[in-house]
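Topology and contacts: notes
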Amino acid sequence: MDKLRRILFWLVVTLTALFLLLPTLIIVPMSFTTTTTLEFPPVGFTLEWYGKVIGASDWQGALLNSLVIAFAASVLATVIGTAAALALHTHRFPGKTIVMGLLLSPMVTPVIVLAVGMYMVFSGWGLVATRLGLVLAHTVLAIPFVVVSVLASSRMVNPSLAPASLGLGAGHWFTFRRVTLPLIMPGVLSGAVFAFITSWDEVVIALFLADAQTRTVPIMIWNQVRTNLDPATAAVAAILIVLSALGVLLSYKFRESR
């Protein structure tokens with residue numbers, strides 16, 4: 001009976017994984033088709049569409065925007081999220097639960113609500129159609145992932161180590177750099193990876209805040225889907241899938257090193 005339960009368990013897990021992944025992965029072989037339209041099964045094999053994406057100036061600009069925005073947003077989110085997580089973990093203060101809820105609220109708030117709100121606020125600040133506006137918006141989205149990851153890592157650290165360092169004469173900054181940060185580094189790195197992926201894949205807020213000069217790769221894909229769906233779009237989607245998968249694997253590797 002135990003063996004039968006294990007077989008049934010793994011069967012259910014496998015079928016569930018296939019159900020979730022197949023609609024996404026099916027786009028990868030379609031990106032190698034030799035036809036000018038998306039077909040499955042693909043016809044022939046060619047890398048022409050990947051070359052078209054890499055060589056096109058509009059795709060190059062969108063890729064550069066996505067990389068710059070995602071990198072800047074992940075750095076800001078990691079710094080702010082790490083500081084917030086450490087404050088929540090080590091201090092008790094009135095309204096701590098409310099602060100925690102506010103920090104995590106972008107994770108559960110509908111993205112379209114955030115997009116409309118950010119557009120109304122950023123338009124008054126002159127941040128619409130700017131990279132800075134997109135960086136700040138994506139930072140707000142990414143902070144909860146860093147907070148959750150760093151909090152989980154902090155709870156696995158011996159709470160007496162930092163006070164011991166302070167008791168031996170070390171300053172707060174030295175204790176953070178040499179004691180606390182190395183111990184929570186897996187959570188920090190994992191949060192940074194998730195922050196990068198969050199910004200890299202985000203499209204709804206970008207549609208509200210970006211223009212032709214600041215559009216990102218997801219916006220380009222959205223426009224292609226609406227106007228001219230061809231295998232080049234599938235090639236870009238395949239690249240995004242690979243990068244996102246690598247990010248998840250890196251995050252898993254960092255968590256394993258705790």
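Because the structure is a prediction, the values reported are computed rather than measured.

Procedures and definitions
- Counting starts from 1 at the beginning of each chain's written sequence and moves along it residue by residue.
- The model is predicted, so local features are restricted to residues of pLDDT at least 70 and side-chain atom pairs to those at 80 or more, both for listing and for counting; the totals for chains, interfaces and linings are taken over all residues.
- Each side-chain value is derived from all of the structure's non-hydrogen atoms; neither hydrogens nor water enter the calculation.
- Only the stretch in contact is used when a helix axis is fitted, and all axes are lines through C-alpha atoms; the angle between N-to-C directions ranges over 0 to 180 degrees.
- Helix and strand definitions follow DSSP, with helices as H or I runs of at least four residues and strands as E runs of at least two, each counted in order from the N terminus.
- Orientation labels follow simple angle bins: below 35 degrees gives roughly parallel, above 145 gives roughly antiparallel, 65 to 115 gives roughly perpendicular, and whatever is left gives oblique.
- Handedness of a crossing follows from how the near helix is turned relative to the far one, being left-handed for an anticlockwise turn of less than a right angle and right-handed for a clockwise one.
- By definition in these notes, contact holds between two residues if any of their heavy atoms fall within 4.5 Å.
- Gly is put with the polar residues, along with every residue not named as nonpolar or charged; the nonpolar set is Ala, Val, Leu, Ile, Met, Phe, Trp, Tyr, Cys and Pro, and the charged set is Asp, Glu, Lys and Arg.
- Here is the rule: rings of Phe, Tyr and Trp (six-membered ring for Trp) pair when centre to centre is within 6.5 Å. Planes less than 30 degrees apart are stacked, more than 60 are edge-to-face, and the remainder are tilted.
- Accessible area is worked out with a 1.4 Å probe on protein chains only. A residue is then buried under 20% of its type maximum, exposed over 50%, and partly exposed in between.
- Nine residue types can take part in a nonpolar core, namely buried Ala, Val, Leu, Ile, Met, Phe, Trp, Tyr and Cys, and a core is a set of them joined through side-chain atoms within 4.5 Å.
- Buriedness of a pocket was judged along seven lines, with at least five required to meet protein on both sides within 12 Å; pockets are open sets of points on a 1 Å grid over the protein atoms alone, cavities are sets where a 1.4 Å probe fits but cannot get out, and lining residues have an atom within 4 Å of a point.
- Grid points are joined across faces, edges and corners, and a volume is the space filled by probe spheres set on the points.

This part covers the packing of helix α5 (residues 96-108) against helix α7 (residues 131-154). A pair of packed helices can be characterised by two numbers: the angle between their axes and the separation between those axes. Contact geometry for α5 and α7: axes closest at 7 Å, N-to-C directions at 120°. Viewed along their axes, α5 and α7 adopt a mutual orientation that is oblique. The handedness of the crossing between α5 and α7 comes out as left-handed. Residues Met100, Leu103, Leu104, Pro106 and Met107 of α5 form the contact with α7, whose own contacting residues are Val140, Leu141, Ile143, Pro144, Phe145, Val147, Val148 and Leu151. Broken down by class, the residue content of the contact of α5 with α7 amounts to 13 nonpolar, no polar and no charged.

Considering all chains together, one arrives at seven aromatic pairs under this definition. Each ring, one from phenylalanine 122 and one from tryptophan 125, has its centre 5.9 Å from the other, and the planes form 25°; the classification is stacked. Of this pair, phenylalanine 122 and tryptophan 125 both sit in helix α6 (residues 111-125), three residues apart, roughly one helical turn. For phenylalanine 122, a relative accessible area of 8% translates into the label buried. For the pair phenylalanine 145 and phenylalanine 194, a centre-to-centre distance of 6.5 Å together with 20° between the ring planes defines the contact as stacked. Residue phenylalanine 145 is located in helix α7, and its partner phenylalanine 194 is located in helix α9 (residues 172-201); the two are separated by 49 residues in the primary sequence. Since its relative accessible area comes to 26%, phenylalanine 194 is described here as partly exposed. An aromatic cluster is defined as three or more aromatic residues linked by ring pairs; in this entry it consists of Phe32, Phe45 and Tyr50.

Positive phi, close to 65°, is recorded for alanine 129, a residue that is not glycine. You can see alanine 129 is positioned in the loop between α6 and α7.

So, about the environment of arginine 155. Its place among the elements puts arginine 155 in the loop between α7 and α8 (161-167). Taking C-alpha positions, arginine 155 is 9.2 Å from isoleucine 184, a pair spaced 29 residues apart along the chain.

Our focus in this paragraph is the nonpolar core. In terms of nonpolar packing, the biggest core is built from 17 residues, with Val53, Trp59, Val217, Ile221 and Val236 touching the most fellow members. Mapped by element, the contributors of at least two residues to this core are α3 (48-55), α4 (57-90), α11 (217-227) and α12 (231-256). For this core, the element with the highest residue contribution is α12, accounting for five residues. Dropping the residues within four chain positions of it, valine 217 is found in contact with Trp59, Ala62, Leu63, Ser66, Val236 and Leu240.

Looking now at the side chain of asparagine 65. Along the chain, the position of asparagine 65 falls in helix α4. For asparagine 65, a relative accessible area of 3% gives the class buried. Among residues more than four places away in sequence, those in contact with asparagine 65 are Arg131, Gln213, Thr214 and Arg215.

Here we take up the layout of surface pockets. Here the largest pocket defines a volume of roughly 510 Å³. Lining the largest pocket are 20 residues, and of these Leu86, His89, Thr90, Ala162 and Thr180 sit closest to its centre. At the level of secondary structure, the elements contributing two or more residues to the lining of the largest pocket comprise α4, α8 and α9. Among the elements that line the lining of the largest pocket, the one with the most residues is α9, at seven residues. A per-class count over the lining of the largest pocket returns twelve nonpolar, eight polar and no charged. The computed volume of the second largest pocket comes to approximately 170 Å³. Surrounding the second largest pocket, Val53, Ile54, Trp59, Gln60, Leu63, Trp200, Val217, Val236, Ile239 and Leu240 form its lining.

The subject of this paragraph is the environment of alanine 84. With respect to the helices and strands, alanine 84 occurs in helix α4. The spacing of alanine 84 and methionine 100 is 16 residues in sequence and 8.9 Å in space, taken between C-alpha atoms. Not counting residues within four places of it along the chain, the set of residues in contact with alanine 84 comprises Leu103 and Val147.

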